[in-house]
Amino acid sequence: MRIGVLAALAAIAVIADATLAPEIEVLGARPDFIVLVVVYASLLVGTRPATIVGFLAGLVVDSELPEYLGLHALALSAVGYVTGGVWDHLVRGNVFVQCTLVFGASLLHDVVYYLVYYRNHLDMLGPFLLRYGVPGALYTAVFGAVVFVLARLAGWRAIAHDA
Amino acid sequence: MLSQLLRLFRENRELSTFVVCAAASFILLGLPPAVKEGTSAVLATVFLDPFKRMTTGALELAGIREENAALRKIAAELAAERAGLMEYRYENERLRELIGFFVSFSEDERFEMLPARVIGMPGGRIIERIELDKGSRDGVGSGMPVIVPEGLIGKVVGVSAGRSKIEPLASASSAVSVVIERSRVRGVIRPRYGPVSDFVSWGVDYVPARSDIRLGDLVITSGLGGVYPPGIAVGTVISVDENPLTMSVGVRLAVDYATIERVFVLTGTREATPGRSDLEARLLDELVGPGPMPEETD
């Protein structure tokens, strides 16, 4: 059941990344909805399913850019694996903790992605992360706070309260 | 070595899942471009395209809705503007009907007034002709009277398609049957000349001696002769001289010919409706307010 919900959320996130994110771009920074879904997948269903969800969602996104097929899959599966492992050591029912984790996950995604993307021009990595990675991660973290508040309002204990 | 690796994977299933995913990702990244293209196409066709179609459809629908809303707004604005313009049109027609371009000089006939512009006034001290910018295609015909709000100008004596010529009251050959409005004394107004044929003034001739004429009396057309309708202002009595058989009456014309720019040609008559129509009465009420209620009689 949860896997089905996650698959639906991942599909929505892929669409939102392609359609909504460019519309709400602020100074070049866009929220990463797929990262958001993978982070909360790791919280809801654990590390392994989150890693697989990240990989599959990444593959779908990669199909848009065949030259780098597998790159988003790699970055998002890393996000699923790392956040899933980190959750076990964190206080879950805290909005700041969740926002920080979403921020870190988004940044991790960008680091992995651009590390491979700019593998022949690693000097580009730092400026690019500062210009787009950090603002985008902050933007995504804001949406993490929105998810937290909505989950708390809906009484969704897995996200808004300590397990 | 391999067995140790497999045992590690079995013991750490999460890590193994990630390693498999990462390995698959690197394998995909290392595929030849043609294979990547084919794989991407399959993935896109199966997973991405259906969502894209849905999203595109939804966005187009949203666009159509937006456009529809904008068009509805424009249509509403145009409808409001049209309603306003129609109101002006009706008001214009009502005012024309009521006070503007129809005029009655007597109870049984009413004239349509065609506005025209003066485009020429040849002549010296005596104005012999006035040219107008309206002609036969506008409904102007020979013999039609021409007036301005102040009074009589003359009559049309020549017409072409787009122009017409007027013989003004001021011309040397002009002679118009008039009546003193107050006393109904009749006469004929015509120009008078000085000793060297210079134009001096207008006077009313053929007025019997001891007629009831005073300084300041209004001189109007009598309607005799059939050219001019009765009741059009012609001028004011400025001098009265008694002679043994007739009176010499000096008149100052109501119209200053030197300043006229626009005139009205009385292009046709139609029977005036007795009394005021309901529409006219209602509009007059709107314009000047209702009159006093009629008193009841036994």
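Structure: see above.
Please read these numbers as outputs of a predicted model, since none were measured by experiment.

Caption draft 1: Region of the structure containing the overall build of chain A. Counting secondary structure elements, chain A contains seven helices and zero strands. Ordered by position in the sequence, the α and β elements of chain A form the string α-α-α-α-α-α-α. For chain A, the share of sequence-separated contacts (at least 6 apart) that also reach a separation of at least 24 residues comes to 66%.

Caption draft 2: Region of interest: the interface of chain A and chain B. In this assembly, 25 residues from chain A lie in contact with 21 residues from chain B. At the level of secondary structure, the elements contributing two or more residues to the side of chain A that touches chain B comprise α1 (2-23), α3 (47-62) and α4 (71-87) of chain A. Ranked by residues supplied to the side of chain A that touches chain B, first place goes to α3 of chain A with eight residues. Looking at the side of chain A that touches chain B residue by residue, the class counts come to 14 nonpolar, seven polar and four charged.

Caption draft 3: Looking closely at the pairing of strand β5 (residues 151-159) of chain B. All names here are of chain B. In this structure, strand β4 (residues 145-148) lies alongside β5, joined through four bridges in antiparallel fashion. When the bridges of β5 are listed, Pro-145 appears paired with Lys-155. Between β4 and β5, which follow one another and run antiparallel, lie two residues.

Caption draft 4: Local environment of helix α2 (residues 33-45) of chain A. Residues and elements named next belong to chain A. Helix length check: α2, at 13 residues, gives a terminal C-alpha distance of 18 Å against a target of 18 Å (1.5 Å per residue), a fit within 8%. α2 sits mainly inside the fold: eleven of its 13 residues count as buried. Every buried residue of α2 is listed here: Phe-33, Ile-34, Val-35, Leu-36, Val-37, Val-38, Val-39, Tyr-40, Ala-41, Ser-42 and Leu-43. Trailing α2 by a residue or two, Gly-46 shows a phi angle of about 105°, which is positive.

About the thresholds
- Going along each chain's sequence as written, the residues are numbered from 1 onward.
- Following the order in which they are written, the chains are lettered starting with A and the ligands numbered starting with 1.
- Residues qualify for local features only when their pLDDT is at least 70, as the model is predicted, and side-chain atom pairs are given and counted only at 80 or more; totals for whole chains, interfaces and linings, by contrast, use all residues.
- Secondary structure elements are taken from DSSP: a helix is a run of H or I of four residues or more, a strand is a run of E of two residues or more, and numbering for both begins at the N terminus.
- A residue pair is marked as a contact if its C-beta atoms, positioned from the backbone, fall within 7 Å.
- Asp, Glu, Lys and Arg are counted as charged, while Ala, Val, Leu, Ile, Met, Phe, Trp, Tyr, Cys and Pro are counted as nonpolar; the rest, among them Gly, fall into the polar class.
- Pairing between two strands requires that DSSP report at least two bridges joining them.
- Given a helix with a known number of residues, its expected span is that number minus one, times 1.5 Å.
- Put plainly, a residue is buried at 20 or more neighbouring C-beta atoms within 10 Å of its own, exposed at 12 or fewer, and partly exposed in between, counting only other residues' C-beta atoms, which are placed from the backbone.

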